[in-house]
Every structure is written in structure tokens, then in C-alpha cells.
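# Results of the structural survey
If you want the building blocks of each chain, they are given just below.
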Amino acid sequence: MCSNMPPLELAIQFHGHICPGLLMGVRVAEFARDYLDISPDRDEELLAIVETDSCGVDAIQAILGCTFGKGNLKFRDFGKSVYTIASREKNRAVRIAQKYQPHPHPDNARFRELNLRKELTEAEAAEKEELLGSIFERLMTMPFAEMFDWREVEPEIPAKASIFPTVQCSVCGEGVMEPRACLNGQLYVCPDCV
Ligand SMILES: [Zn+2]
Ligand SMILES: [Zn+2]
């Protein structure tokens, strides 16, 4: 990963667009980096457990280098904006949870509404740009403690991702990682063919 790029730029480039969710993720990644005093992951020194699969997770991947492909990004499908970042070297972990906000900021709601439209008038496009500017300003400067709660937790760091042998599915003929295949008598069957 080209680390000369500022974290925010890395996140935007990776995610493809700039949006409120991504910015929240940037704040989380930068906070975790400073709190644990860590540098971006190269070879699974870090582990991220995320409880959402929305925009913010891309900032975690781009900035902290915890990625799906390396196996050090774990997804717990809880639908919560909660991120646990652990460092193998430091043997420490921090759990960061977005505070519940019963009333989202009106700017965010309006931005989302405009964002979902297929076509925007010139005035609406300008409004959207302006909203994004003020959302950016607010989310990047708001004190972290107003947005998130955090606490140090016991790091549960598994062994580095293992590599499993590939076996052949007896139905479709495609290869499948052995632990994901079922055995039908002596024959392997992939999850797609079960
Ligand atoms: Zn997004
Ligand atoms: Zn199959």
C-alpha cells in the first residue's frame, strides 16, 4: 500500500467515493492507530473485528491494512457500528462503538436522500456538494468522545490465517477449501452443490 498518501486520501481512493460513513470509519481508524500506537498492517500484525459491513469498514481496510483477503478483517454480522482493533505485537485491543444517536443530523438525512436520487437538478447537485462540505467539516473536527465510546478489551487474537488444501467437488467439479466441503460417503461436495 502506498503509505505516502494521507489516511483520508487512502480511504477515499479505496472506497471510490466520499460519504459520511466512510468519514466515521476514518475517525475510527485514526483513533485506533493513535490509541494503540500502531502502524498500518503488513503481515497480520493487526486484527480488526467489525460488526457492520457498511462504508466505514473500507476506511479500516485502507488505513489500517486489515483486509478481507489477508484474513485479518473479521466480520461479525451484528449490524452495529462497532470496531475492535487488536495488535498482536502489543497484545492489546480497543473496542470502539459509535454512540447511539436517536436523531441523525438533518444534513446527513438530506445528503442520503439526494444521494439516492437517480437524477439531480443543478440546484440539488450544488446543494449535495455543499452538504458534503459541511458534513466533512463536522465529522472530521468533532471531538471523538462525542461520536464514539471506547474501552480497552482483552485481545482475542487467533493464529495467523491458515491456508487449507483445496479438494474437488464431486458435483460441479470446482475446487473448494477442504473445511468448507461436506463429505458424501467418500466424495466431497461444495456448499453450492449441497
Ligand atoms: Zn460510502
Ligand atoms: Zn460444487
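Residues numbered from 1 in each chain as written. Chains lettered and ligands numbered in written order. Predicted model: local features only at pLDDT ≥ 70, side-chain atom pairs only at ≥ 80, totals over all residues.

## As for the packing of helix H2 (residues 20–36) against helix H5 (residues 122–141)
- It is the contact of H2 with H5, at a shortest axis distance of 9 Å, that shows an interaxial angle of 20°. It follows that H2 is roughly parallel to H5 by the angle criterion. Crossing handedness for the pair H2 and H5: right-handed. Contacts between H2 and H5 pair Pro20, Leu23, Met24 and Arg27 from the former with Ile135, Phe136, Leu139 and Met140 from the latter.
- Considering only residue class, the contact of H2 with H5 consists of seven nonpolar, no polar and one charged. (Axes fitted to C-alpha atoms, helices over the stretch in contact; angles between N-to-C directions. Helix = DSSP H or I, 4+ residues; strand = E, 2+ residues; numbered from the N terminus. Parallel < 35°, antiparallel > 145°, perpendicular 65-115°, else oblique. Left-handed = near helix turned anticlockwise from the far one by under 90°. Contact = placed C-beta atoms within 7 Å. Nonpolar A, V, L, I, M, F, W, Y, C, P; charged D, E, K, R; others polar.)

## Digging into the domain arrangement of the protein
- When the domains of the protein are assigned, the result is domain 1 (7–153) and domain 2 (165–194).
- On a C-alpha basis, the centres of domain 1 and domain 2 stand 37 Å from each other. (Domains from an automatic or database assignment.)

## Thoughts on the nonpolar core
- By size, the foremost hydrophobic cluster in this structure holds 29 residues, and its most contacted members are Ala48, Ile60, Ile63 and Leu64.
- At the level of secondary structure, the elements contributing two or more residues to this core comprise helix H1 (7–15), H2, strand S1 (46–50), helix H3 (56–64), strand S3 (82–87) and strand S4 (92–98).
- Not counting chain neighbours up to four residues away, the residues in contact with Ala48 comprise Ile60, Leu64, Cys66, Asn72, Leu73, Tyr83 and Ile85. (Core = buried A, V, L, I, M, F, W, Y, C linked by C-beta atoms within 7 Å. Buried ≥ 20, exposed ≤ 12 C-beta atoms within 10 Å, placed from the backbone.)

## What about the environment of Leu36?
- Relative to the assigned elements, Leu36 resides in helix H2.
- Counting along the chain gives 130 residues from Leu36 to Thr166, while the straight-line C-alpha distance between them is 37 Å.
- Those residues within four positions of Leu36 in sequence are excluded, and the remaining contacts are Ile85, Ser87, Lys90, Arg92 and Val94.

## What to know about the pairing of S3
- S3 sits mainly inside the fold: five of its six residues count as buried.
- Summarising the sheet, S1 and S3 pair through five bridges and their orientation is antiparallel. Pairing of Ala48 across the sheet is with Ile85, part of S3.
- Sheet topology places S3 next to S4; six bridges connect them, and they run antiparallel. (Pairing = 2+ DSSP bridges.)

## Let's talk about H3
- In terms of residue burial, H3 counts as a mostly covered element, since nine of its nine residues are buried.
- Buried within H3 are the following residues: Gly56, Val57, Asp58, Ala59, Ile60, Gln61, Ala62, Ile63 and Leu64.
- At its buried positions, H3 is contacted by H1, H2, S1, strand S2 (73–75) and S3.
- In the stretch just after H3, Gly65 is the one whose phi turns positive, near 75°.

## Considerations on the sheet that holds S1
- Spatially, five strands are ordered S2-S1-S3-S4-S5 in an open sheet, and the strand pairing comes out mixed. Two strands in the sheet have a free side with no partner beyond their single neighbour: S2 and strand S5 (148–153). When strand polarity is set aside, the average angle formed by the axes of neighbouring strands in this sheet is 15°.
- One ladder, built from six bridges, connects S4 with S5; its direction is antiparallel. If you follow Arg95 over to S5, its bridge partner there is Arg151.
- Along the sheet, H3 makes contact with S1, S2 and S3, crossing S1 at roughly 175°.

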